[in-house]
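One-letter residues, chain by chain:
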Amino acid sequence: MTEHIVFYGKGGVGTSTIVSNVSAALVEAGFRILQVGCGPQGDSSTTLNGGFGISTVWDQYRRHGTVSFDTVVQRCFKDIYCIELGIAQTGNTLPGTVQALDLLLQHDLIASLSPDFVLYDLSGGHLGVLPYIFERIDVHRVFAATTADFKSLTTVNLILQQLDHFSENHVPVPFGGLIPNRIASSFEESFVSDFAKQLGVHTLGRIPRSLLVRQCELYGKSIIEASPLSSQSYYYRRLANQITDEARVLTVKQQPNPLFRPGKSAHQAVRAARQAVTEGRRWVVDIDLAKFFDRVNHDILMSRVARKIKDRRVLYLIRSYLQAGLFEGGIVTQRVEGTPQGGPLSPLLSNILLDELDKELEKRNHTFSRYADDCAPRTHRRAQVQSCGAARKMRGGPSKPACRSRLQTTVSCI
């Protein structure tokens with residue numbers, strides 16, 4: 001099975017050097033490697049090709065009107081296959097590198113090579129092509145090369161934003177981790193490590209700054225080829241091992257998210273509501289569970305929590321949180337229902353309790369947006385809204401005051 005791995009970094013952080021040396025280390029380990037350069041100059045794999053550039057896909061397509069294995073695939077160091085996409089000079093709305101990638105896929109060139117790993121060298125100002133690549137190729141991991149400077153770390157933030165945005169409507173692409181490159185001191189290493197910790201991601205083995213890298217590049221060779229016994233080559237081989245281990249992990253860790261539910265937010269609920277409107281669902285039932293957080297039944301809630309959590313200590317802690325007394329006006333009042341508000345736990349518990357509401361609405365094929373206790377089902381026809389039992393109660397008035405306090409429903413047209 002071919003595994004596709006994308007490397008990205010701000011221009012000048014040494015992404016191409018990392019990818020070329022990792023390719024060389026992997027081919028030495030017995031893997032079949034294809035390296036795809038996504039830059040306009042066709043210089044991603046120069047250190048694997050004796051310092052010479054490779055004719056890009058678009059150069060060949062412009063000259064011959066087609067592409068083939070012999071014209072765009074170059075055999076480099078120890079039979080590493082190298083392809084340079086180049087930039088298309090056309091009026092097409094797609095980025096040039098994506099158009100070149102489409103040519104490769106149309107001619108089935110990547111699959112015909114049957115590589116174990118395909119490494120994509122994507123750097124500089126080409127961050128916007130990531131979603132297009134994800135749509136066309138089953139990418140297994142994305143790694144970000146970075147130094148300790150601020151702009152390079154800012155680029156990592158942009159990569160994670162791209163991955164998060166793509167995962168809203170597609171299968172998430174896992175982020176493999178940070179690759180600290182050109183690290184000159186322990187301070188820079190700890191600086192990048194702390195940055196990764198704040199993001200909730202991990203770092204792979206650091207690569208120290210070394211003049212040997214520049215010397216080997218002057219000879220048009222990678223560290224693995226020109227100085228295979230050097231300490232610098234050890235760092236690239238270690239990195240190659242870490243990448244293969246990370247890429248072949250079957251369990252994908254959910255990226256930490258400072259929200260009430262991983263991967264979900266109020267902004268996504270707004271976008272989902274707007275999408276429903278564009279689909280013609282312009283009639284809305286706006287449901288608000290009045291005093292919801294004040295009237296949550298502790299026993300029912302804890303029974304739902306206990307379905308997933310088996311540790312009695314955690315269950316005891318949550319119940320203690322729910323039953324914590326309310327201090328108001330100098331008097332402590334015992335809490336027998338409801339959840340304390342003002343922290344992230346209450347919305348999380350509300351999601352657990354209202355999970356059955358979500359499933360019931362999905363069972364009835366309703367399109368809806370819910371965030372905590374606020375829910376807004378949408379439909380195409382006004383008749384469906386008017387036939388809603390809650391809507392009839394609203395027009396006729398609830399028969400009991402308890403209904404009014406538990407469910408407040410309004411009907412509006414957007």
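Remember, it's a predicted structure, so these values are computed and weren't measured experimentally.

Undergrad: In this structure, what is going on with the overall build of the chain? I would like to understand it.
TA: Of the regular secondary structure elements, the chain holds 19 helices and 14 strands. In the chain, 72% of the contacts between residues at least 6 apart in sequence involve partners at least 24 apart. About 22300 Å² of surface is accessible on the chain, with carbon and sulfur atoms providing 53% of the total.

Undergrad: Sorry, what's going on with the packing of helix α7 (residues 150-166) against helix α8 (residues 186-199) here?
TA: A pair of packed helices is characterised by two quantities: the angle between their axes and the separation of those axes. It is at 12 Å that the axes of α7 and α8 come closest, and there the two elements cross at 25°. It follows that α7 is roughly parallel to α8 by the angle criterion. You can see that α7 and α8 cross each other, and the crossing is right-handed. Contact residues: α7 offers L153, V156, N157 and L160, while α8 offers F191, F195 and L199. In the contact of α7 with α8, the residues fall into six nonpolar, one polar and no charged.

Undergrad: Which parts of the structure should I look at to understand helix α1 (residues 15-28)?
TA: Structurally, the α-helix is built with 3.6 residues per turn, so residues lying three or four positions apart point the same way. Here α1 is 14 residues long and its end C-alpha atoms lie 20 Å apart, about the 20 Å a rise of 1.5 Å per residue gives. Among the 14 residues in α1, twelve count as buried, and that is most of the element. Once α1 ends, the next one or two residues include G30, with phi positive near 100°.

Undergrad: In this structure, what is going on with the nonpolar core? I would like to understand it.
TA: Within soluble globular proteins, side chains that are nonpolar generally end up buried alongside one another. Counting 48 residues, the largest nonpolar core has V57, L85, L104, V142, F175 and L178 as its most contacted members. At six residues, α7 tops the list of elements feeding residues into this core. In this structure, L178 is in contact with A144, T146, V156, V192, F195, A196, V201, H202, T203 and L204, ignoring residues within four places of it in sequence.

Undergrad: Looking at this model, I keep getting lost on the packing of aromatic side chains. Mind explaining?
TA: Two descriptors summarise a pair of aromatic rings, namely the distance from one centre to the other and the angle between the planes of the rings. On inspection of all chains with the given rule, the structure shows seven aromatic pairs. For the ring pair W58 and Y61, a centre distance of 5.1 Å and an interplane angle of 90° mean the geometry is edge-to-face. A residue pair is termed a helical-turn pair when its members lie 3 or 4 positions apart in one helix, as W58 and Y61 do in helix α2 (residues 57-64) at three residues. On the basis of relative accessibility, which here comes to 9%, the residue W58 falls in the buried class. Ring geometry for F134 against F166: centres 5.2 Å apart, planes inclined by 65°, an arrangement best described as edge-to-face. Of the two residues, F134 is situated in helix α6 (residues 130-136) and F166 in helix α7; the sequence distance between them amounts to 32 residues. Classification of F166 by relative accessible area gives buried; the value is 6%.

Undergrad: Honestly, the pairing of strand β6 (residues 139-146) in this entry has me stumped. Any pointers?
TA: Each regular strand carries side chains that alternate between the two faces of the sheet. Of all eight residues that make up β6, eight are buried, and the element is covered over most of its length. As paired strands, β6 and strand β7 (residues 175-183) are joined by five bridges and run parallel to one another. The partner of T146 across the bridge, within β7, is P180. The β-α-β motif built from β6, the intervening α7 and the parallel element β7 has right-handed crossover chirality.

Undergrad: Got a minute to help me understand the environment of P172 in this structure?
TA: Along the chain, P172 turns up in the loop between α7 and β7. Taking relative accessible area as the criterion, P172 reaches 55% and is therefore assigned exposed. Separated by 33 residues in sequence, P172 and V139 have C-alpha atoms that sit 9.8 Å apart.

Undergrad: Looking at this structure, how should I read the state of the cysteines?
TA: Disulfides are covalent bonds that connect the sulfur atoms of two cysteines. Under the defined criterion, the tally for this structure stands at zero disulfides. For the unlinked cysteine C76, the closest cysteine sulfur is that of C82, found at 3.4 Å. When its relative accessible area of 10% is taken as the criterion, C76 is described as buried.

Undergrad: Teacher, can you tell me more about the environment of V285 here?
TA: For V285, the location among the structural elements is in strand β9 (residues 283-288). For the pair V285 and F368, spaced 83 residues apart in the sequence, the C-alpha separation amounts to 9.1 Å.

Undergrad: Help me out: how do you make sense of unusual backbone geometry in this one?
TA: Most peptide bonds take the trans form, and the phi angle of most residues other than glycine is negative. Backbone geometry places S114, a non-glycine residue, at a positive phi of 50°. Residue classification places S114 among the partly exposed positions, given a relative accessible area of 47%. Unlike most non-glycine residues, R182 shows phi in positive territory, near 55°. By secondary structure assignment, the location of R182 is in strand β7.

Undergrad: I'm lost on the pattern of salt bridges in this one. Help?
TA: Opposite charge on two side chains permits pairing when their charged atoms draw close. This structure, assessed with the given rule, holds 13 salt bridges. For the salt bridge of R62 with D59, the shortest nitrogen-to-oxygen distance reads 2.7 Å. Highlighted residues: R62 and D59, both in helix α2, separated by three residues, approximately one helical turn. Judged by its relative accessible area of 22%, D59 is partly exposed. One network of salt bridges, in which partners are shared, links E28, K78 and R237.

Undergrad: I'm lost on the side chain of E84 in this one. Help?
TA: Relative to the elements of secondary structure, E84 occurs in strand β4 (residues 81-84). Although E84 is buried, it forms no salt bridge, and the closest oppositely charged side chain is R62 at an N-O distance of 14 Å. In this structure the side chain of E84 is engaged in a polar contact, spanning 3.1 Å, whose partner is the side chain of S45. In this structure, E84 is in contact with G37, G42, D43, S44, S45, I54, S55, T56 and V57, ignoring residues within four places of it in sequence.

Cut-offs and rules
For every chain, the first residue of the written sequence is number 1, and numbering continues from 1 along that sequence. Under the rules for a predicted model, residues below a pLDDT of 70 receive no local features and side-chain atom pairs below 80 are neither given nor counted, while totals for whole chains, interfaces and linings still include all residues. Heavy atoms from the whole structure form the basis of all side-chain values; hydrogens and water molecules are not counted. Going along the chain from the N terminus, every DSSP run of H or I of four or more residues is numbered as a helix, and every run of E of two or more is numbered as a strand. Every residue pair with non-hydrogen atoms within 4.5 Å of one another is taken to be in contact. Computed with a 1.4 Å probe, the accessible areas rest on the Shrake-Rupley method; for each residue, only the protein chains presented here act as cover. The axes are straight lines fitted to the C-alpha atoms, using for helices just the contacting stretch, and the angles between their N-to-C directions are given from 0 to 180°. By definition in this entry, angles of less than 35 degrees are roughly parallel, angles greater than 145 are roughly antiparallel, angles of 65 to 115 are roughly perpendicular, and the rest are oblique. Handedness of each helix crossing follows the sense of rotation of the near helix against the far helix: counterclockwise by less than a right angle gives left-handed, clockwise gives right-handed. Charged means Asp, Glu, Lys or Arg here, nonpolar means Ala, Val, Leu, Ile, Met, Phe, Trp, Tyr, Cys or Pro, and polar covers whatever is left, Gly included. A helix is expected to reach a length of 1.5 Å times the quantity of its residues less one. Classification of residues uses two cut-offs on accessible area relative to the type maximum, computed with a 1.4 Å probe and protein chains only: under 20% is buried, over 50% is exposed, and between them is partly exposed. Grouping buried Ala, Val, Leu, Ile, Met, Phe, Trp, Tyr and Cys residues that are joined through side-chain atoms within 4.5 Å yields what is termed a nonpolar core. Pairing of aromatic side chains here covers Phe, Tyr and the six-membered ring of Trp, requires ring centres within 6.5 Å, and sorts the geometry by plane angle: under 30 degrees stacked, over 60 edge-to-face, intermediate tilted. A pair of strands is considered paired only if DSSP assigns at least 2 bridges between the two. The path from the first strand over the helix to the second decides the hand: if it runs clockwise while the strands point away from the viewer, the crossover is right-handed. Whenever a pair of cysteine sulfur atoms sits within 2.5 Å, that pair is classed as a disulfide. For this analysis, a salt bridge means a side-chain nitrogen from Lys or Arg found within 4 Å of a carboxyl oxygen belonging to Asp or Glu. A residue counts as positive if it is Lys or Arg and as negative if it is Asp or Glu; His and the chain ends are not included. Counted as a polar contact is a pair of N or O atoms within 3.5 Å, where, for protein atoms, one must be capable of donating a hydrogen and the other of accepting one, and residues adjacent in sequence contribute only when both atoms are in side chains.

Fair warning: the whole summary comes from geometry, so function is off the table for now.
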